[in-house]
Amino acid sequence: MPNAQRPRSPSVRLVGGKGRVKQSAEGSVGNMGTETLSRRELLVGVSVGAAVLGGAAGCNRGEERTEASSRRPPSEEDREWSSVRRQFRLDRDYIHLAGLLLASHPDPVREAIERHRRELDENPALYLTGNSRELESEVREAAAEYMGTRAQDLALTDSTTMGTALVYNGVEITEGQEFLTARFDYYSTHQAIRYKARRTGATVREIPLYQDVRTVTAEEIVENLMREVRPETRVITATWVHSSTGLKMPIRQIADRLPEINAGRGSASRVLLAVDGVHGLGVEATPIPELRCDFFMAGTHKWLFGPRGTGILWGNPETQAHVTPTIPTFSRLEGWGSWMTPGGFKPYEHQWALVEAFRYHQRLGKERVQERIHALARHLKEGLAGMQHVTLYTPMDDALSAGIVCFMVDGLSPEQVVSRLQDRGIVASTTPYSPSYARLTPGVYNTTAELDRALSAIRDLA
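Before going into details, it helps to say that this report is about the structure given with it.

Thresholds applied
- Residues numbered from 1 in each chain as written.
- Predicted model: local features only at pLDDT ≥ 70, side-chain atom pairs only at ≥ 80, totals over all residues.
- Heavy atoms only, no water.
- Helix = DSSP H or I, 4+ residues; strand = E, 2+ residues; numbered from the N terminus.
- Buried < 20%, exposed > 50% of the residue type's maximum accessible area, 1.4 Å probe, protein only.
- Contact = heavy atoms within 4.5 Å.
- Areas by Shrake-Rupley, 256 points an atom, 1.4 Å probe, with all protein chains shown as cover.
- Salt bridge = Lys/Arg side-chain N within 4 Å of Asp/Glu carboxyl O.
- Pairing = 2+ DSSP bridges.
- Core = buried A, V, L, I, M, F, W, Y, C linked by side-chain atoms within 4.5 Å.
- Axes fitted to C-alpha atoms, helices over the stretch in contact; angles between N-to-C directions.
- Parallel < 35°, antiparallel > 145°, perpendicular 65-115°, else oblique.
- Nonpolar A, V, L, I, M, F, W, Y, C, P; charged D, E, K, R; others polar.
- Polar contact = N/O pair within 3.5 Å; in protein donor to acceptor, adjacent residues only side chain to side chain.
- Left-handed = near helix turned anticlockwise from the far one by under 90°.

1. Focus on the overall build of the protein
For the protein, the count of helices and strands is 15 helices and 13 strands. Taking all 462 residues of the protein together, 58% fall into the buried category. When contacts within the protein are restricted to residue pairs at least 6 apart in sequence, those whose partners lie at least 24 apart make up 74%. Counting every atom, the protein has about 18700 Å² of accessible surface; 49% of that belongs to carbon and sulfur.

Here it is as structure tokens:
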């Protein structure tokens, strides 16, 4: 593969944490109804939450806190989110800013996993045969409610990579047609379409989408992409939020241009738009059908806080027939999503507990989650942009970014930046691309005080 796309190991050098704080069930959102949390409910247990937040900000590393941050009381926004923070068993000795890699489970998800595991351990055959259909249906219904889709259009997978492979292996494409892909789409996307091209005689064409991510505009991306669409283009691959730079793609603007292109094409040659949505799902409040793409693939064990080894695949009812199954299904439910759900025996306690991750986000409120993560990311971007020894690579505009913040520090490799931050109790990561950047990804469990500590540590790297 081209050097620019060779995958790299995510650099997170976390060695055995210490001093874990046992989580309290007080104020657990897992015990609430399915309605969105009110401002008052988020403030439940503020006094306890403030103490926890203070401990998290200190992280037993008081010598590294700046004088200003040590005196700053929790902000109103931080106090509102304190009850949420207590749902996660994150090691209090660290500030966790690499959550995009793999989620910590909040209490309701963790408890659901244990409940299903206990039942499966005590009576595996009866619990499986007596409940599997109902529990799978419950997961798909919860996912459909959260995503704004129909349950029958959703398949359950184990990751973004599996969903991507199912779509690209199953898509109808023939010799002489092509996959059109961006240079910085993810490794799994590129490999999946290469495998399919090799088997069918189709081709893969990689293109740049912009000149400089620091000055990119949505119009530049859309026009560059539309200019590259040819008569032989069959599938356009897109990544909603790039893990390489934090750039959020204008998916809807791209999709809005395709009806004009497809107007003169037959069904077998229409252009299909498939989206890797993993770093948008659980951050952006947009209902998936409003993106107007044809296929949407995402793992649910990242921003959504779902059980590890779970994912979702959505097919647009208007075009889902262009992708057929690869793996036989065990599902007994109706619809394209059922046929696309891979069979085989699963870690059922994880798959069935996914319903709690979708409900958890519903209770928090999709718009509120989006607002919080964007605010935290903006706080980081503004702080980094003001440092002369730092180059910010993630667009400042919320319309072109989400929760991923990528940067470089003069004179240091991304791995060195991550290592030095970890020495100060801050968990960051590097982007798995060349060129690679240091990366911070705040979640709803983070506080502005924690971000200030991270910014202070980066400032000290000058």
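Additional details are given in the paragraphs that follow.
2. Regarding the environment of tryptophan 81
Turning to its location among the elements, tryptophan 81 is positioned in helix 4 (residues 76-85). Through-space distance from the C-alpha of tryptophan 81 to that of threonine 447 is 8.4 Å; in sequence the pair is 366 residues apart.

3. Notes on the pattern of salt bridges
A side chain with one charge can pair with a side chain of the opposite charge if their charged atoms come near. Counted by the stated rule, this structure contains 21 salt bridges. The shortest N-O distance in the salt bridge between glutamate 450 and arginine 85 comes to 3.1 Å. Placement of the pair is glutamate 450 in helix 15 (residues 448-459) and arginine 85 in helix 4, with a sequence separation of 365 residues. Residue glutamate 450 is classed as buried on the basis of its relative accessible area, which comes to 1%.

4. A short note on the pairing of strand 10 (residues 405-409)
Here strand 10 lies mainly inside the structure; four of its five residues are buried. Looking at chain direction, strand 9 (residues 390-392) and strand 10 are connected through three bridges and run antiparallel. Looking at the pairing, valine 390 lines up with valine 409 of strand 10. In this structure, strand 10 lies alongside strand 13 (residues 438-440), joined through three bridges in antiparallel fashion. Bridge pairing in strand 13 links valine 405 to leucine 440.

5. Quick notes on the nonpolar core
If you look at the biggest cluster of nonpolar residues, it comprises 74 residues, and the most contacted ones within it are Met147, Leu273 and Phe296. It is helix 12 (residues 348-364) that provides the largest number of residues to this core, a total of seven residues. Filtering out sequence-adjacent residues up to four positions away, leucine 273 remains in contact with Ile236, Ala238, Ile251, Ile254, Ala255, Leu258, Cys293, Asp294 and Phe295. Ranked by size, the runner-up nonpolar core spans 26 residues in total, among them Leu97, Val405, Leu440 and Ala454.

6. Overview of unusual backbone geometry
Between serine 434 and proline 435 the backbone carries a cis peptide bond, its omega angle lying at 5°. Structurally, proline 435 can be placed in the loop between strand 12 (429-430) and strand 13. Positive phi values are uncommon outside glycine, yet arginine 292 reaches one of about 60°. Of note, arginine 292 is situated in the loop between strand 6 (272-276) and strand 7 (295-299). The partly exposed category is assigned to arginine 292, whose relative accessible area is 49%. Located in the positive-phi region is phenylalanine 305, a residue other than glycine, with phi close to 70°. Tracing the sequence through the fold places phenylalanine 305 in the loop between strand 7 and strand 8 (311-315). By relative accessible area, phenylalanine 305 is classed as buried at 6%.

7. Points about the packing of helix 5 (residues 107-122) against helix 6 (residues 124-147)
Packing of helix 5 against helix 6 brings their axes to within 7 Å, and their N-to-C directions diverge by 140°. It follows from the interaxial angle that helix 5 and helix 6 lie oblique. Contacts between helix 5 and helix 6 involve His116, Glu119, Leu120, Asp121 and Glu122 from the former and Pro124, Tyr127, Leu128 and Leu135 from the latter. For the contact of helix 5 with helix 6, a count of residues per class yields five nonpolar, one polar and three charged.

8. A look at the pairing of strand 2 (residues 154-157)
Consecutive side chains along a regular strand alternate between the two faces of the sheet. Along strand 2, one buried face is formed by Leu154 and Leu156 and the opposite face, lined by Ala155 and Thr157, is buried too. Of the strand pairs in this sheet, strand 2 and strand 8 are connected by four bridges, and their pairing is antiparallel. Note on strand 8: the bridge partner recorded for leucine 154 is tryptophan 314.

9. Description of the side chain of arginine 205
The residue arginine 205 is located in strand 4 (residues 203-207) in this model. Here the side chain of arginine 205 touches glutamate 228 through a polar contact of 2.6 Å, landing on its backbone oxygen. When residues no more than four places from it in sequence are discounted, the contact partners of arginine 205 are Glu178, Phe179, Leu180, Thr181, Glu228, Arg230 and Thr233.

10. So, helix 4
Where burial is concerned, most of helix 4 is hidden: seven out of the 10 residues are buried. Within helix 4, the full set of buried residues consists of Asp78, Glu80, Trp81, Ser82, Ser83, Val84 and Arg85.

11. Comments concerning the packing of helix 4 against helix 13 (residues 366-385)
Two elements in contact, helix 4 and helix 13, have axes separated by 12 Å at closest approach and are oriented at 130°. Classified by the interaxial angle, the pair formed by helix 4 and helix 13 is oblique. When the axes of helix 4 and helix 13 are compared, the crossing they make is left-handed. Together, Glu77, Asp78 and Trp81 of helix 4 and Arg368, Val369 and Arg372 of helix 13 make up the contact between the two elements. Its residues assigned to classes, the contact of helix 4 with helix 13 shows two nonpolar, no polar and four charged.

12. Let's talk about the sheet that holds strand 12
As summarised here, the arrangement of the four strands in space is 9-10-13-12, forming an open sheet in which the pairing is antiparallel. Bordering the open sheet on either side are strand 9 and strand 12, each of which pairs with just one other strand. One ladder, built from two bridges, connects strand 12 with strand 13; its direction is antiparallel. Following the sheet pairing, threonine 430 is matched in strand 13 by alanine 438. Where helix 13 meets the sheet, its contacts fall on strand 9, strand 10 and strand 13, and the angle it forms with strand 10 comes to roughly 20°.

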